[in-house]
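If you want the building blocks of each chain, they are given just below.
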Amino acid sequence: MSTQLLVGGRIYSSSSPDATAMAVTDGTVVWLGADQPGRALHPDAEVVDLDGAFVAPAFVDPHVHVTALGLQLTGLDLSRATSLAHCLQLVSDYARAHPGIVLGDGWDETRWPEGRPPTTEEIDAAAGPGRAVYLVRVDAHSAVASSALLDAVPQVTAAAGFTPGEPLRADAHHLVRASALNSLDRAQRDAARTAALDHAAANGVVAVHECAGPQISGRDDVTELLAFTHGVQVRAYWGEAVRTADEARALIDELGVHGLAGDLFVDGSIGSHTAWLRAPYADRDTTGVGYLEADAVAAHVRACTEAGIQAGFHAIGDGALEAVAQGFSRVAADLGGPAVAARGHRVEHAELIDAEQIAALAAAGVIASVQPGFDAEWGGPDGMYAARLGARAAALNPFAAMASAGISLALGSDAPVTALSPWEAVRAAAHHRTPGHQISPRAAFAAATRGAWRAGGIRDGIAGTLVPGAPASYAIWDAADLVVAAASDKVQRWSTDPRSRVPGLPPLDPGTTPPACLRTVHRGVTIYEA
């Protein structure tokens, strides 16, 4: 047995809120307390001087697209485009410097003065004749493509979601996306995975949940990812609906995935006008796209529940969430609420959700995997959500109401849709743009650590904490002062009073610099060091 003793720091622990030292033996936390007793109790330990650094449970991101994130990090990142003209210039520069297909990610026309996406003709002119170009919108639910790529997928013009002169949506987008990604070889995909998982580790993340599916990255990508070796742990979900327990078991056995959940699309996204709404968008006469009705949702939940498999759905609009709520309620009525809740089924995003839907999902024990970065990017009275939804935008992402109803929250990024930056996600949850939707920094941090482990099926009560017996999965941060703060629109004197001995977190007020990661450790093994 080997023991490492960390001393001279500030340890975030509910059992020892004043701890400055922590002992780890063979990947497990065995003791917390003060420096001097630690040295006396562990005289033969390897001593690590923290020099005042902050040690906290490592983060888990419960919604990531690993290969897509890596392609953005290593390739054409269009999230930095400040205008349509700038976007086209970035495409042109990249095409001149790189042979083969041009894959770009992250454009957002709502931030550009032109207010519109690029056209096929403009892409052709920017990249040059005959070049295959695939440029996916920031939300990954629509894209624009060059003539050469469209010609390579002749069936696209007959698919749902194809409208000449507009971005590709729904089935048309999925067809072109598959063709574009199939042009990559294994070495390119592995290089992207390395970049993505290295990036996660550098941000204090020790585990990610890959949300794969047939319309996202395909079977080869998820099976290759599960065979990929890296210090960041990967839990993989596959978004394909089934109708029987035998079908569910067969898919799990075939792909080696951990659940039939994640991005199993019930709808699309608000930015691409494909989120399924009960009333039309404020800026377009459409209610979006519905991929699964309540009957299909119920069949999938029933099949997975009977097979002992975690199920879940991507649902953003109130129409999609109504189908999900109805589906879960039907199965809970037949099989019993405890039987359904025991599987820890999930819903991803759950943005435009009302009180009745919250109550139905809470009753079925559904876990909500949410992305506070969405509100930070597109919320507020002048944001994209308000333009798309009007007054309904104020109802989006009601984290406080969901938590109060008993829904367990798990905070993630949906990277590369928003940045894989856990402290920014915690900040966004605590400083929601809509009063009353905020949760406290402490609750947000718990949702990004303990809650995210729970969303991945780990319900031992200690994963995501630093207490004796917990896995030694932690990050060391360069942080200045630590504070105990309530939600930004509430005062909770019982928790902010120093006498309560509640462990503090780095200040996350808007405009403050988040902590810098110095080291990330997973089960006692260092997977990142600055």
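Residues numbered from 1 in each chain as written. Predicted model: local features only at pLDDT ≥ 70, side-chain atom pairs only at ≥ 80, totals over all residues. Heavy atoms only, no water.

J.: Would you mind going over the pairing of strand β6 (residues 54-57) with me for this structure?
T.: Within a regular strand, the side chains alternate between the two sheet faces. For strand β2 (residues 10-11) and β6, the ladder comprises 2 bridges, and the chain directions are parallel. By the bridge assignment, R10 is partnered in β6 with F54. In this structure, β6 lies alongside strand β20 (residues 474-478), joined through 4 bridges in antiparallel fashion. Each residue of the ladder has a partner; that of V55, found in β20, is I476. (Pairing = 2+ DSSP bridges. Helix = DSSP H or I, 4+ residues; strand = E, 2+ residues; numbered from the N terminus.)

J.: Explanation requested: the packing of aromatic side chains in the structure shown.
T.: A ring pair, where both rings are aromatic, is described by two values, the distance of the centres and the angle of the planes. What the rule picks out here adds up to 12 aromatic pairs. On the numbers, 6.2 Å between centres and 35° between planes, the contact of W107 with W112 is tilted. Summarising the burial analysis for this pair, W107 and W112 share the class buried. Grouping aromatic residues by their ring pairs yields a cluster made of Y12, F54, F59, W423, F445 and W477. (Phe/Tyr/Trp six-rings, centres within 6.5 Å; stacked < 30°, edge-to-face > 60°. Buried < 20%, exposed > 50% of the residue type's maximum accessible area, 1.4 Å probe, protein only.)

J.: What is the right way to look at the pattern of salt bridges in this model?
T.: Side chains that carry opposite charge are capable of pairing whenever their charged atoms lie near each other. Across all of its chains, the model carries 28 salt bridges by this definition. Between R137 and D139 there is a salt bridge, with its nearest N and O atoms 2.9 Å apart. Here R137 matches D139 in class, with each residue buried. What you see here is one network of salt bridges that share partners, running through D108, E109, R111, R137, D139, D283, E377 and R388. (Salt bridge = Lys/Arg side-chain N within 4 Å of Asp/Glu carboxyl O.)

J.: Even after reading the chapter, I still don't get empty space enclosed by the protein, so can you show me in this structure?
T.: Gaps left between atoms are located by rolling a probe of water-molecule size over the structure's atoms. One pass over the structure, following the stated rule, counts 1 cavity of 30 Å³ or more. Considered as a void within the structure, the largest cavity measures approximately 120 Å³ in volume. Looking at the largest cavity, it is lined by 16 residues, and the ones nearest its centre are D139, S269, I316, F374 and W378. Within the residue set of the lining of the largest cavity, elements represented by two or more residues are α14 (372-378) and α15 (384-389). Counting the residues that make up the lining of the largest cavity, at least three belong to each of domain 2 (63-183) and domain 3 (242-456). (1 Å grid on protein atoms, 1.4 Å probe; cavity = no way out; pocket = protein on both sides within 12 Å on 5 of 7 lines; lining within 4 Å. Points joined across faces, edges and corners; volume = space filled by probe spheres on them. Domains from an automatic or database assignment.)

J.: What is the right way to look at the sheet that holds strand β1 (residues 3-7) in this model?
T.: Taken together, 4 strands build an open sheet; the order of strands is β4-β3-β1-β5 and the sheet is mixed. Edge positions in the open sheet fall to β4 (28-33) and β5 (46-49), since each of these has one partner strand only. Recorded for the sheet is a direction-independent mean angle of 20° between the axes of neighbouring strands. In this structure, strand β3 (residues 21-25) lies alongside β4, joined through 5 bridges in antiparallel fashion. Residue pairing for β4: A21 is matched across the bridge by G33. (Axes fitted to C-alpha atoms, helices over the stretch in contact; angles between N-to-C directions.)

J.: I keep staring at the domain arrangement of the protein chain and nothing clicks. Help me out?
T.: Note on interface size: it is often stated as the accessible area lost on association of the parts. Taken domain by domain, the protein chain holds domain 1 (3-58 + 465-529), domain 2 (63-183) and domain 3 (242-456). Between the C-alpha centres of domain 1 and domain 2 the distance comes to 43 Å.

J.: Would you mind going over the nonpolar core with me for this structure?
T.: General note: in soluble globular proteins, nonpolar side chains tend to be found buried as a group. With 68 residues, the main nonpolar core has V208, V266, F313, F328, L361, M402 and L409 as its most contacted residues. The element that contributes the greatest number of residues to this core is helix α11 (residues 318-335), accounting for 8 residues. (Core = buried A, V, L, I, M, F, W, Y, C linked by side-chain atoms within 4.5 Å.)

J.: I would appreciate a short explanation of the sheet that holds strand β9 (residues 102-107) in the present structure.
T.: Whether parallel or antiparallel, the strands of a sheet pair through hydrogen bonds between backbone atoms. Ordered in space as β8-β9-β10-β11-β12, the 5 strands form an open sheet in which the pairing is mixed. Sheet topology places β8 (76-77) and β12 (168-169) at the edges, where each strand pairs with a single neighbour. With 3 bridges joining them, strand β10 (residues 133-137) and strand β11 (residues 142-145) adopt antiparallel strand pairing. In the strand pairing of β11, Y134 is matched with A145.

J.: I'm lost on the environment of Y385 in this one. Help?
T.: Tracing the backbone shows Y385 in helix α15. Along the sequence, Y385 and F374 sit 11 residues apart, while their C-alpha atoms lie 9.5 Å from each other. Every residue in contact with Y385, bar those within four places of it in the chain, is listed here: I270, E351, F374, D375, W378, G379, G390, A393, L396 and N397. (Contact = heavy atoms within 4.5 Å.)

J.: Hey, could you run me through the environment of V7 in this one?
T.: In this structure, V7 sits in strand β1. For V7 and Q233, which are 226 residues apart along the polypeptide, the C-alpha to C-alpha distance reads 27 Å. Apart from residues lying up to four places away in sequence, V7 is in contact with T20, A21, D35, R39, V47, V48, D49, L50 and D51.

J.: Looking at this structure, how should I read α11?
T.: Each full turn of the α-helix corresponds to 3.6 residues, which orients residues three or four apart in the same direction. With 18 residues, α11 ought to run about 26 Å at 1.5 Å a step, and its terminal C-alpha atoms sit 25 Å apart, in line with that. Among the residues of α11, D318, G319, A320, L321, A323, V324, A325, G327, F328, V331 and A332 are the ones counted as buried. At the exit of α11 stands G336, carrying a positive phi of roughly 100°. (Expected span 1.5 Å × (residues − 1).)

J.: What is the right way to look at the confidence of the model for the protein chain in this model?
T.: Close inspection of predicted coordinates is inappropriate for parts of the model with low pLDDT. Summary statistics for the protein chain give a mean pLDDT of 95 and a share of 97% for residues scoring 70 or more. Counting contacts from residues 491-499, a segment whose pLDDT is below 50, to residues more than four positions away or on other chains yields 10 contacts. (pLDDT = per-residue confidence, 0-100.)

J.: Please explain the side chain of T465 as it appears in this structure.
T.: You can see T465 is positioned in the loop between α19 (450-455) and β20. Of note is the side chain of T465, whose polar atom sits 2.5 Å from the backbone oxygen of I462. What T465 contacts, discounting residues up to four positions off in sequence, is P57, R450, A470 and P471. (Polar contact = N/O pair within 3.5 Å; in protein donor to acceptor, adjacent residues only side chain to side chain.)

J.: Even after reading the chapter, I still don't get the packing of helix α10 (residues 294-307) against α11, so can you show me in this structure?
T.: Between two packed helices, the angle of one axis relative to the other and the distance separating the axes together describe the packing. For the pair α10 and α11, interaxial distance at closest approach is 8 Å and the crossing angle is 45°. Taken as axis vectors, α10 and α11 run oblique relative to one another. Both α10 and α11 take part in a crossing whose hand is right-handed. Facing α10, whose interface residues are A294, D295, V297, A298, V301, R302, T305 and E306, α11 presents A323, V324, Q326, G327, F328, R330, V331, D334 and L335. Tallied by class, residues from the contact of α10 with α11 come to 9 nonpolar, 3 polar and 5 charged. (Parallel < 35°, antiparallel > 145°, perpendicular 65-115°, else oblique. Left-handed = near helix turned anticlockwise from the far one by under 90°. Nonpolar A, V, L, I, M, F, W, Y, C, P; charged D, E, K, R; others polar.)

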